[in-house]
Amino acid sequence: MKIADLEIFGDSKLIINQLSGDYEVKKDDLVPYFQYASHLLKNLEGVTLEHVPREENRMADALANLATTLAWQEGENVNVHDNDWRQPLIDYLQHGRLPNDRRHRAEIRRRAPRFIFFKDTLFRRSFEGVFLRCLGKEESQQAMEESHSGICGAHQSGPKLHFRVKRMG
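Rules of the game
Residues numbered from 1 in each chain as written. Predicted model: local features only at pLDDT ≥ 70, side-chain atom pairs only at ≥ 80, totals over all residues. Heavy atoms only, no water. Patch = residues over 30% accessible without salt bridge, like charges linked within 9 Å, V, L, I, M, F, W, Y side chains within 5 Å. Areas by Shrake-Rupley, 256 points an atom, 1.4 Å probe, with all protein chains shown as cover. Salt bridge = Lys/Arg side-chain N within 4 Å of Asp/Glu carboxyl O. Helix = DSSP H or I, 4+ residues; strand = E, 2+ residues; numbered from the N terminus. Pairing = 2+ DSSP bridges. Axes fitted to C-alpha atoms, helices over the stretch in contact; angles between N-to-C directions. Contact = heavy atoms within 4.5 Å. Core = buried A, V, L, I, M, F, W, Y, C linked by side-chain atoms within 4.5 Å. Buried < 20%, exposed > 50% of the residue type's maximum accessible area, 1.4 Å probe, protein only. Polar contact = N/O pair within 3.5 Å; in protein donor to acceptor, adjacent residues only side chain to side chain.

## Points about a nonpolar patch on the surface
Right, on to step 1. On the surface, Ile 3, Leu 6 and Val 47 cluster together to form a nonpolar patch covering roughly 190 Å² of accessible area.
Right, on to step 2. Its location among the elements puts Val 47 in strand E2 (residues 46-51).

## Notes on the sheet that holds strand E3 (residues 115-118)
Right, on to step 1. One open sheet accounts for three strands, arranged E3-E4-E5; its pairing is antiparallel. Each edge of the sheet is formed by a strand with only one pairing partner; in this case those strands are E3 and strand E5 (131-133). When strand polarity is set aside, the average angle formed by the axes of neighbouring strands in this sheet is 35°.
Right, on to step 2. Both strand E4 (residues 121-125) and E5 contribute to a ladder of three bridges, which runs antiparallel. Note that in E5 the partner of Arg 125 across the bridge is Phe 131.
Right, on to step 3. The strands touched by helix H4 (residues 87-95) within the sheet are E3 and E4, with E3 carrying the most contacts at an inclination of about 70°.

## Observations regarding the nonpolar core
Right, on to step 1. Residues Leu 89, Ile 90, Ile 108, Ala 112, Phe 115, Leu 122 and Cys 134 constitute the largest nonpolar core, which totals seven residues.
Right, on to step 2. Leave out the neighbours within four places in its chain, and Ile 108 touches Pro 88, Leu 89, Tyr 92, Leu 98 and Pro 99.

## Regarding unusual backbone geometry
Right, on to step 1. Unlike most non-glycine residues, Lys 119 shows phi in positive territory, near 50°.
Right, on to step 2. Positionally, Lys 119 belongs in the loop between E3 and E4.
Right, on to step 3. Overall, Lys 119 belongs to the exposed group, its relative accessible area being 69%.
Right, on to step 4. Unusually for a residue other than glycine, Asp 120 sits at a positive phi of about 60°.
Right, on to step 5. One can find Asp 120 in the loop between E3 and E4.
Right, on to step 6. Overall, Asp 120 belongs to the exposed group, its relative accessible area being 68%.

## Observations regarding H4
Right, on to step 1. Buried within H4 we find Pro 88, Leu 89, Ile 90 and Asp 91.
Right, on to step 2. Turning to H4, the residues buried within the fold contact helix H5 (102-111), E3 and E4.
Right, on to step 3. Positive phi appears at Gly 96, one or two residues downstream of H4, with a value of about 75°.

## Notes on the side chain of Arg 86
Right, on to step 1. Positionally, Arg 86 belongs in the loop between helix H3 (58-73) and H4.
Right, on to step 2. With relative accessibility at 18%, the residue Arg 86 sits in the buried group.
Right, on to step 3. At 2.7 Å, the side chain of Arg 86 and the side chain of Asp 84 are in polar contact.

## A short note on the environment of Ser 12
Right, on to step 1. For Ser 12, the position within the fold is in the loop between strand E1 (5-10) and helix H1 (13-19).
Right, on to step 2. Counting along the chain gives 42 residues from Ser 12 to Arg 54, while the straight-line C-alpha distance between them is 8.2 Å.

In short, shape yes, function no, at least from these values alone.
Take a look at the structure:
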């Protein structure tokens with residue numbers, strides 16, 4: 001396409017800093033991606049890398065999620081990594097895969113018995129034996145907004161608010 005200058009905006013500060021050379025890539029499984037991206041960037045005369053917080057990047061995030069969904073529906077393999085706290089647990093419960101980091105691996109093994117992965121949804125077993133659906137960042141923010149906005153009643157104490165959020169489903 002003969003592009004000389006390119007502005008790159010990303011919501012991962014870590015990746016932006018790695019590509020700019022400020023941080024080192026430490027995860028072995030990310031090194032090939034970093035090397036390939038670096039190779040592509042060397043072919044350009046001017047590259048600007050800029051971090052944009054996710055809160056300020058909702059439209060691009062929605063478009064990326066839509067593109068991922070469309071590609072997945074067409075039967076292509078899509079491998080999108082987000083810093084979703086649930087993913088390492090899902091990988092372990094579904095495929096027996098553990099992270100490379102020794103501490104993280106031990107933490108996943110320790111926490112996994114309290115979780116189940118059923119019908120593409122992660123649940124945590126409560127102390128009462130009830131299975132609670134584990135929420136991602138956006139879902140948890142929506143639940144907190146709804147519970148604080150009065151949908152669940154006036155703002156309550158922590159334990160009562162916790163009970164109302166659980167009762168919302």
